[in-house]
Amino acid sequence: MSAKRESKREAGQATRRETNHYMSIDGLTVHDPGDSGRPASDIALLLADAADGVEIGTAPYAEVVRGGRRRRGRRWAAASATALALVASAGTLAVTGLPAGGGSGDTSVATNPAPPPTPPGPDVRTPSRSVLASGTDHGKRWRVLVDLWDAPRTERQADTQLAAMRSFGQRPANVADAADLVGRSTYFVLRENGKAGTARVVSEGAFTDGPASSGEDIEAVAMPLMPGAKDAEGAQRLVVGRVALDARKVTCTWKDGTTTEVPSFFEAAGGATPTKSVDMGSENPLIRVVDGSPVAWFACVAPEGTAFKSVAVTK
């Protein structure tokens, strides 16, 4: 038995000698096959020498703290950005599906667009006023105006509008009660002579949802330019009318054979290739677009000494 123990002890020492041929100390490798039998004191000296070569300083506490704060700040920033994105999208996105039980299902996201803005209600208390034409005759200023009233939508609005029309001195014909105004836009043509505030209604009518004027459609009325004028032929010198929005020229013919042409702005500027500047002043005869009106308007005046004969869309 003792011989066997001795044999095992010698084998173990041989194994230890083989495995101690090299060692690594903080990156320093010692390899000396010939010194496998070196005593432990020599190995201790080698360890001490290796330790002397290592610089040991104070722990970098400040750097570690700053690094931790930076990582924590990045986590907070990422979480805040995600929360803001969810809040910003909450008003426009709605989740309509969740993943299936296994988590592999698709998520359906549907947009929820904002509702369209509510159109403003009609102004039933005040008409929209436009100046069609103006000038001077025998030293007196004159103007032709158009007052256009929005179509009321309800009987209550119609009641308010009818009262407002009366305050302006305007009374629509063929209106038995306020309910007749619902759904129709009423207009009044006024002639003003002399100073402002003297305008009087000379024509009136209404627009409904029927088909608009087109092509050579025209409606016109002739009247004296000045009330009580003593001109020839009863002084029917002023013509006011309505034409389709795409009309380009109206020609007024007078009893003495002369004519007055009233172009649209498009025509006056030179057509498809505009080359002329256009005077938009009310003293310059033009076919004019009135805000809110489904038709265009014009006015023309006969020279003194003659009167209205006919009028037509000529382009």
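Residues numbered from 1 in each chain as written. Predicted model: local features only at pLDDT ≥ 70, side-chain atom pairs only at ≥ 80, totals over all residues. Heavy atoms only, no water.

Focus on the overall build of the protein
Part 1 of the reasoning: If you tally the helices and strands in the protein, you get 5 helices and 15 strands.
Part 2 of the reasoning: A total of 315 residues make up the protein; the buried ones form 29% of that total.
Part 3 of the reasoning: Residue pairs at least 24 apart in sequence account for 53% of intrachain contacts in the protein once pairs closer than 6 positions are excluded.
Part 4 of the reasoning: About 20400 Å² of surface is accessible on the protein, with carbon and sulfur atoms providing 54% of the total. (Helix = DSSP H or I, 4+ residues; strand = E, 2+ residues; numbered from the N terminus. Buried < 20%, exposed > 50% of the residue type's maximum accessible area, 1.4 Å probe, protein only. Contact = heavy atoms within 4.5 Å. Areas by Shrake-Rupley, 256 points an atom, 1.4 Å probe, with all protein chains shown as cover.)

Considerations on the sheet that holds strand β13 (residues 288–289)
Part 1 of the reasoning: Spatial strand order, β9-β10-β14-β13: 4 strands in an open sheet with antiparallel pairing. Each having just a single partner strand, β9 (218–223) and β13 make up the two edges of the open sheet.
Part 2 of the reasoning: Across 2 bridges, the pairing between β13 and strand β14 (residues 296–301) is antiparallel. Counterpart to Arg288 in the pairing with β14 is Trp297. (Pairing = 2+ DSSP bridges.)

A short note on the nonpolar core
In summary, soluble globular proteins display a tendency toward joint burial of nonpolar side chains.
Part 1 of the reasoning: If you look at the biggest cluster of nonpolar residues, it comprises 18 residues, and the most contacted ones within it are Leu132, Val144, Val189, Val240 and Trp297.
Part 2 of the reasoning: When residues of this core are traced back to their parent elements, those giving at least two are β5 (128–137), β6 (140–149), β7 (185–193), β10 (238–243) and β14.
Part 3 of the reasoning: At 4 residues, β6 tops the list of elements feeding residues into this core.
Part 4 of the reasoning: What Val240 contacts, discounting residues up to four positions off in sequence, is Leu132, Val144, Val189, Glu219, Ala220, Val221, Met223, Phe298 and Ala299.
Part 5 of the reasoning: In this structure, Val243, Ala302, Val311 and Val313 belong to the second largest nonpolar core, which totals 14 residues. (Core = buried A, V, L, I, M, F, W, Y, C linked by side-chain atoms within 4.5 Å.)

Examining the state of the cysteines
Between two cysteines, a covalent bond joining their sulfur atoms is known as a disulfide.
Part 1 of the reasoning: Considering all chains together, one arrives at 1 disulfide under this definition.
Part 2 of the reasoning: The disulfide partner of Cys252 is Cys300, and the S-S distance across this bridge is 2.0 Å. A torsion of -80° about the S-S bond marks the disulfide between Cys252 and Cys300 as left-handed. Linking Cys252 in strand β11 (residues 249–254) with Cys300 in strand β14, this pair joins segments that are 48 residues apart in sequence. (Disulfide = S-S within 2.5 Å.)

Concerning the packing of aromatic side chains
Part 1 of the reasoning: Enumeration over the complete set of coordinates arrives at 3 aromatic pairs.
Part 2 of the reasoning: Residues Trp149 and Phe168 carry aromatic rings whose centres are separated by 5.5 Å and whose planes lie at 90° to one another, so their mutual orientation is edge-to-face. Of the two residues, Trp149 is situated in strand β6 and Phe168 in the loop between α4 (155–167) and β7; the sequence distance between them amounts to 19 residues.
Part 3 of the reasoning: For Trp149, a relative accessible area of 0% gives the class buried.
Part 4 of the reasoning: Their ring planes at 80° and their centres at 5.1 Å tell us that Tyr187 and Trp297 sit as a pair that is edge-to-face. One end of the pair, Tyr187, is in strand β7; the other, Trp297, is in strand β14, with 110 residues separating them in the sequence. (Phe/Tyr/Trp six-rings, centres within 6.5 Å; stacked < 30°, edge-to-face > 60°.)

A short note on the pairing of β14
On a regular strand, one side chain projects to one face of the sheet and the next to the other, so that they alternate.
Part 1 of the reasoning: Most of β14 sits inside the fold, with 5 of its 6 residues counted as buried.
Part 2 of the reasoning: The sheet contact formed by β10 and β14 spans 6 bridges and is antiparallel. The partner of Val239 across the bridge, within β14, is Cys300.

Looking at the pattern of salt bridges
Part 1 of the reasoning: Applying the stated criterion to the full structure yields 8 salt bridges.
Part 2 of the reasoning: Between Asp137 and Arg237 there is a salt bridge, with its nearest N and O atoms 3.2 Å apart. Separated by 100 residues along the polypeptide, Asp137 in strand β5 and Arg237 in the loop between β9 and β10 bring together distant segments of the chain.
Part 3 of the reasoning: Here Asp137 falls in the buried class, since its relative accessible area comes to 10%.
Part 4 of the reasoning: Overall, Arg237 belongs to the buried group, its relative accessible area being 4%.
Part 5 of the reasoning: Between Glu219 and Arg242 there is a salt bridge, and its shortest N-O distance comes to 2.4 Å. One end of the pair, Glu219, is in strand β9; the other, Arg242, is in strand β10, and 23 residues separate them in sequence. (Salt bridge = Lys/Arg side-chain N within 4 Å of Asp/Glu carboxyl O.)

Quick look at unusual backbone geometry
For residues that are not glycine, phi is negative in most cases, and the peptide bond is trans in most cases.
Part 1 of the reasoning: Of note in the backbone geometry, His138 takes a positive phi value of approximately 55° without being a glycine.
Part 2 of the reasoning: Locating His138 in the fold gives a position in the loop between β5 and β6.

What to know about the sheet that holds strand β12 (residues 259–263)
Part 1 of the reasoning: The strand order across the open sheet formed by 3 strands is β12-β11-β15, and the pairing between neighbours is antiparallel. On the outer flanks of this sheet lie β12 and β15 (308–313), each paired with one strand and no other. Across the sheet, the axes of successive neighbouring strands diverge by a mean angle of 15°, strand direction being ignored.
Part 2 of the reasoning: Taken together, the 5 bridges between β11 and β15 define a ladder with antiparallel strand orientation. (Axes fitted to C-alpha atoms, helices over the stretch in contact; angles between N-to-C directions.)

A word on the environment of Ser128
Part 1 of the reasoning: By secondary structure assignment, the location of Ser128 is in strand β5.
Part 2 of the reasoning: Assessed through its relative accessible area of 28%, Ser128 is described here as partly exposed.
Part 3 of the reasoning: On a C-alpha basis, the gap between Ser128 and Val146 in space is 8.0 Å, while along the polypeptide they are 18 residues apart.
Part 4 of the reasoning: In this view, Ser128 contacts Val146, Asp147, Leu148 and Asp291; residues no more than four positions away in its chain are not counted.

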